[in-house]
Amino acid sequence: MNTLSISEILSATVVEIRENVRLVALYIGIAVLVEVGYSFVEREVGSSSMFGLGFGLFFGEDLLSGGLLGVAIAISYFVVIVLLSYWLCAGMVRRAVAPDFDKIAPFIGIYILSSIGIGFGFLLLIVPGIILSIRWLIVLPLLLGANIPAMDTFGESFMETRTSAWSIFAVALIIFVVAIALIYSSELFGLTLGGPLAIPATLLTALVETVLGVVFLAFSVGVFRLLTGDTKGLTEVFE
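Computed from a predicted structure; not experimentally measured.

Caption draft 1: The nonpolar core, seen in detail. With 53 residues, the main nonpolar core has Ile-9, Tyr-27, Met-92, Phe-107, Phe-219 and Val-223 as its most contacted residues. When contributions to this core are tallied by element, the ones reaching two or more residues are α1 (6–19), α2 (21–45), α3 (63–94), α4 (104–123), α5 (127–135), α6 (139–145), α8 (165–191) and α9 (199–228). Ranked by residue count, the leading element in this core is α3, at twelve residues. In this view, Tyr-27 contacts Leu-84, Trp-87, Leu-88, Thr-210 and Val-214; residues no more than four positions away in its chain are not counted.

Caption draft 2: View of the packing of α8 against α9. At a minimum axis distance of 9 Å, the contact between α8 and α9 shows a crossing angle of 170°. As summarised for this structure, α8 and α9 are arranged roughly antiparallel, according to the angle between their axes. The segment α8 lies against α9, with Ile-168, Val-171, Ala-172, Ile-175, Ala-179, Leu-182, Ile-183, Ser-186, Phe-189 and Gly-190 engaging Ala-201, Leu-204, Val-208, Leu-212, Val-215, Phe-219 and Val-223. Its residues assigned to classes, the contact of α8 with α9 shows 15 nonpolar, two polar and no charged.

Caption draft 3: Here's a closer look at α5. What α5 keeps buried is the set Gly-129, Leu-132, Ile-134 and Arg-135. Those residues of α5 hidden inside the fold are in contact with α4, α7 (152–160) and α8.

Rules behind the numbers
- Note on numbering: residues in each chain are counted from 1, in written sequence order.
- The predicted origin of the model limits local features to residues at a pLDDT of at least 70 and limits the giving and counting of side-chain atom pairs to 80 or more, whereas totals for whole chains, interfaces and linings rest on all residues.
- To obtain the side-chain values, all non-hydrogen atoms of the structure were included, while hydrogens and water were left out.
- Here, the term nonpolar core denotes a set of buried Ala, Val, Leu, Ile, Met, Phe, Trp, Tyr and Cys residues that are joined through side-chain atoms within 4.5 Å.
- Working definition: with a 1.4 Å probe on protein chains only, accessible area under 20% of the residue-type maximum means buried, over 50% means exposed, and in between means partly exposed.
- Only DSSP runs of H or I covering at least 4 residues are called helices, and only runs of E covering at least 2 are called strands; the numbering of each starts at the N terminus.
- Contact criterion: two residues are considered in contact whenever any of their non-hydrogen atoms come within 4.5 Å of each other.
- To obtain each axis, a line is fitted to C-alpha atoms, and for helices this fit is confined to the stretch in contact; angles are then taken between N-to-C directions over 0 to 180 degrees.
- Just so you know how the angles are binned, under 35 degrees is roughly parallel, over 145 roughly antiparallel, 65 to 115 roughly perpendicular, and the rest oblique.
- Amino acid classes used here: Ala, Val, Leu, Ile, Met, Phe, Trp, Tyr, Cys and Pro are nonpolar; Asp, Glu, Lys and Arg are charged; the rest, including Gly, are polar.

Note that every value here comes from positions in space, so none of it alone points to a role or purpose.
What follows is the structure, encoded as C-alpha cells:
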C-alpha cells in the first residue's frame, strides 16, 4: 500500500483541476448562479433558520405558506446541489464533461450517509469528525471509479487511506486554512461592495465558496487516483 507525500497530493489536486478545466469552469458558472439565486429566494421567503435551510419558517406566523414553502425551497436546493456534485465528481473521475448518471442513486445514498457520519463525528468532540473526513475522503470517487458495491466504499476508503492519513490531513489543513483566509477576505471586501446583502458581495462569496469546493473535490479525486494506481494524466507539479 502506497504512502503518499504532501507534494504528491498537492500535485494530483492541481492536475485534476487542470485536466478538467472546461468541466470546472462550467460547474463554477452554474453553481454560483444557484447559490446566488438560493440566497435571494431565501431572503425573500424570510427564513431565519440557524442552518440556512428554511426550517426556521416552521416557527413563523404563517405555517402553511411560509414553513412548507421554506422546506420545498430547501429540498429543491439540496437536490440541485447533489446533482451538481455528482456531475462534477463523476466528470473528474471519468474525465468527461457530460458523464453518465448511471450511479446517481447510490451516489445520493453515500453522499447523505457520509455527511451524516462526519457531522455526528464533529459533534463528538470534533476529533472523530476529522478522522472520518480524512479516512472517508475517497468514498465518492471510489463509488464512481471502482467496481465495488456502494456500501463497501466506506471500508475500502478507510483501508486505502490508512498509511497516508497524516499526509492527507496536512493537505486538508492547508486547504482549510486557505479557505478560511479567502472567505474572511471576501467578506471584508464585500463590505466595500455595498455590504454582505448586496449583489456584488453575494456573487463574490458564492464564487469563493464554489471554487473552494472544487479544490476540495479535486483533492479527493487526486488522492483516489494515487491510492488506486489510476495515475493516468498525473504529473509532478510540486517538487
